[in-house]
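Observations on the three-dimensional arrangement
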Amino acid sequence: MDFNLTEEHRLIRAGVREFCEKYVDPIAEMTDDEAKFPADNIRKLAEQDWLGIPYPQQYGGAGSDYLSYAIVVEELSRACAATGFTLEVHTSLACFPLFRFGTEEQKQKYLLPLCKGEMLGAFALTEPGAGTDAAAATTTAVKDGDGYVLNGSKIFISNAPVAGVIVVFAMTDRSKGTKGISAFIVPAGTPGLIIGKHLNKMGIRGALTAEVLFKDCRIPQENLLGGEGQGFKIAMMTLDGGRIGIAAQALGIAQAALDESVRYSKERVQFGKPIGTFQAIQWMIANMATDIEASRLLTYHAAWCYDQGLPYSKEAAMAKLFASETASRQTDRAIQLHGGIGYIKGTKVERLYRDAKITEIYEGTSEVMRMVISGNLLR
Ligand SMILES: Cc1cc2nc3c(=O)[nH]c(=O)nc-3n(C[C@H](O)[C@H](O)[C@H](O)COP(=O)(O)OP(=O)(O)OC[C@H]3O[C@@H](n4cnc5c(N)ncnc54)[C@H](O)[C@@H]3O)c2cc1C
């Protein structure tokens, strides 16, 4: 057993950290305050070859592993969780299903430009009446000649307003339940695809999340992803890997809260001493650091399982559950440690506190993570 990161992993962390100091940190507060999508930085991430990190070079990827990808999401999220999440949705939720289930033609046409960063991807599963219960979806795809016609609506779709392509899940045969769901590749600009407005969120405010509507949206047969009825399986497998990305996002947010807390504990003087000399503060720092290190081990272990070709569904759920709850708990502690200034807008820990919460909700709530973990143990 070797807990050391390889030279490649250390280099990628150092590279992303340098990138963040130069480009992400300076605009992170504005990105949050104005809920402004960091388009220039996403373009720069593409120039660094970081939009297709774990995918083969023949499909435009960097040919690195999933652990490298997790480190990139962690480091980006440490600076700006909205930027980390934008890359996560693109890489885990849009690229993965195309890589794993696409035909060679689909990979060349869609995965290649996604991995090269020529366009962003999105993933549309959730509906107003079908969140955790994805099988309650009412968006339909009806066979019509040499294609399908999609009708219905999706909600909370990240990257949708800027996506060049969306992987969409729709019912092709309602009588079959989950086996009646199919996945489709829907390029931006397809007639009948309507992107609603950017939702005003509590955290990760610079990431774009919107409603997506389908009104007689015609999709050619060649854009069916996997076979008919494979959609639920594709969605669940995609989310398994995505959870490693969300765990990494939560880890980056929590690490930033710790970094800010250590710095402030040394700077802030009360009763004639830095507050870090008080045992109450020392214990907060110790608890934060321990929870964060445990989150990191779970997250990297899940990524390692993915890279080794081992089962990773339970491991990814454990990592997401623990890292997201750590991020919420420890960003709360970070505000406590900062006292009043921590509650004021413009203080980094205030933003981190709001950014952390969503990691317990999307790509499966903490309740769903507990269902996945216990389901694996009790079967
Ligand atoms: C900012 C943001 C971005 C998102 N991005 C995307 C995206 O890109 N693509 C996409 O498809 N979706 C996306 N989502 C949707 C997200 O994945 C869902 O919000 C999430 O899965 C929960 O679904 P829901 O909101 O309908 O909650 P519900 O399913 O209504 O759940 C409400 C509560 O009930 C609990 N619950 C539900 N069922 C059970 C059960 N059987 N047992 C125990 N507890 C249960 C839940 O855990 C939760 O606490 C996004 C959401 C947000 C807020």
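Residues numbered from 1 in each chain as written. Predicted model: local features only at pLDDT ≥ 70, side-chain atom pairs only at ≥ 80, totals over all residues. Heavy atoms only, no water.

Details of the state of the cysteines
This is how it is decided: For this text, the term disulfide refers to a pair of cysteine sulfurs within 2.5 Å. When a residue's accessible area, from a 1.4 Å probe over protein chains only, is under 20% of the maximum for its type it is buried; when over 50% it is exposed; and in between it is partly exposed.
On inspection of all chains with the given rule, the structure shows 0 disulfides. Between Cys80, a free cysteine, and Cys20, which holds the nearest cysteine sulfur, the sulfur-to-sulfur gap is 8.6 Å. Overall, the relative accessible area of 4% leaves Cys80 in the buried class.

Quick look at the site of the ligand
Selection criterion: Nearness here has a simple test: a residue counts as near a molecule or strand if at least one of its heavy atoms is within 4 Å of that partner. Polar contact is defined as a pair of N or O atoms within 3.5 Å, subject to the rule that within protein one atom must be able to donate a hydrogen and the other to accept it, and that residues adjacent in sequence are counted only when both atoms are side-chain atoms. All accessibility values rest on the Shrake-Rupley procedure with a 1.4 Å probe; residue burial counts only the protein chains present in the view.
Inspection of the region around the ligand gives 18 residues, with Thr126, Thr132, Phe156, Thr365 and Glu367 positioned closest. In this structure, Phe123 approaches the ligand through a main-chain N or O atom, which is 2.8 Å from a nitrogen atom. Here a nitrogen atom of the ligand sits 2.7 Å away from a polar atom, N or O, in the side chain of Thr126. Look at the ligand: alone it shows 980 Å² of surface, and the protein chains cover 64% of it.

As for the domain arrangement of the protein chain
Often, the extent of an interface is quoted as the loss of accessible area on bringing the components together. Stated formally: Each domain span listed reflects an automatic or database assignment of domains. The contact criterion used throughout is that any non-hydrogen atoms of two residues lie within 4.5 Å. In short, buried area is how much 1.4 Å probe accessible area vanishes from two parts on joining, totalled over both. The salt bridge criterion pairs a side-chain nitrogen of Lys or Arg with a carboxyl oxygen of Asp or Glu, the two atoms within 4 Å.
According to the domain assignment, the protein chain consists of domain 1 (7-120), domain 2 (121-230) and domain 3 (233-378). Centre-to-centre, using C-alpha coordinates, domain 1 lies 20 Å away from domain 3. Each side of the interface is counted separately: domain 1 has 26 residues, and domain 3 has 31 residues. At the boundary of domain 1 with domain 3, total buried surface from both sides reaches about 2400 Å², with 62% on carbon and sulfur atoms. Contact with domain 3 buries surface across domain 1, with Tyr66, Glu74 and Arg78 losing the most and accounting together for 26% of the total. Counting the contacts that link domain 1 with domain 3 gives 3 salt bridges. Of the charged contacts in the structure, one is a salt bridge between Glu74 and Arg296, with a shortest N-O distance of 2.9 Å.

A short note on the nonpolar core
Heads up, the rule is: Buried residues of nine kinds, namely Ala, Val, Leu, Ile, Met, Phe, Trp, Tyr and Cys, make up a nonpolar core once their side-chain atoms join them within 4.5 Å. Helical segments are the DSSP runs of H or I of at least four residues, strand segments are the runs of E of at least two, and each set is numbered from the N terminus.
Ranked by internal contacts, the top residues of the largest apolar core, which has 93 residues, are Leu45, Trp50, Leu76, Leu87, Phe169, Leu225 and Ile244. With 15 residues, helix α6 (residues 231-267) is the largest single contributor of residues to this core. If sequence neighbours within four positions are ignored, Ile244 has contacts with Tyr66, Thr299, Ala302, Ala303, Tyr306, Tyr312 and Ala316. In terms of nonpolar packing, the next biggest core, distinct from the first, is built from 19 residues, Ala141, Tyr148, Ala163 and Val186 among them.

What about the pattern of salt bridges?
Taken as a whole, this structure holds 24 salt bridges when the rule is applied. Of the charged contacts in the structure, one is a salt bridge between Arg263 and Glu260, with a shortest N-O distance of 2.8 Å. Placement of both Arg263 and Glu260 in helix α6 is noted, with a separation of 3 residues, approximately one turn of the helix. Given the relative accessible area of 37%, Arg263 is considered partly exposed.

Some thoughts on unusual backbone geometry
The backbone phi angle of Asn159 is positive, close to 70 degrees, even though this residue is not glycine. Relative to the elements of secondary structure, Asn159 occurs in the loop between β3 (147-158) and β4 (163-171). Owing to a relative accessible area of 0%, Asn159 belongs among the buried residues under this scheme. Unlike most non-glycine residues, Glu363 shows phi in positive territory, near 55 degrees.

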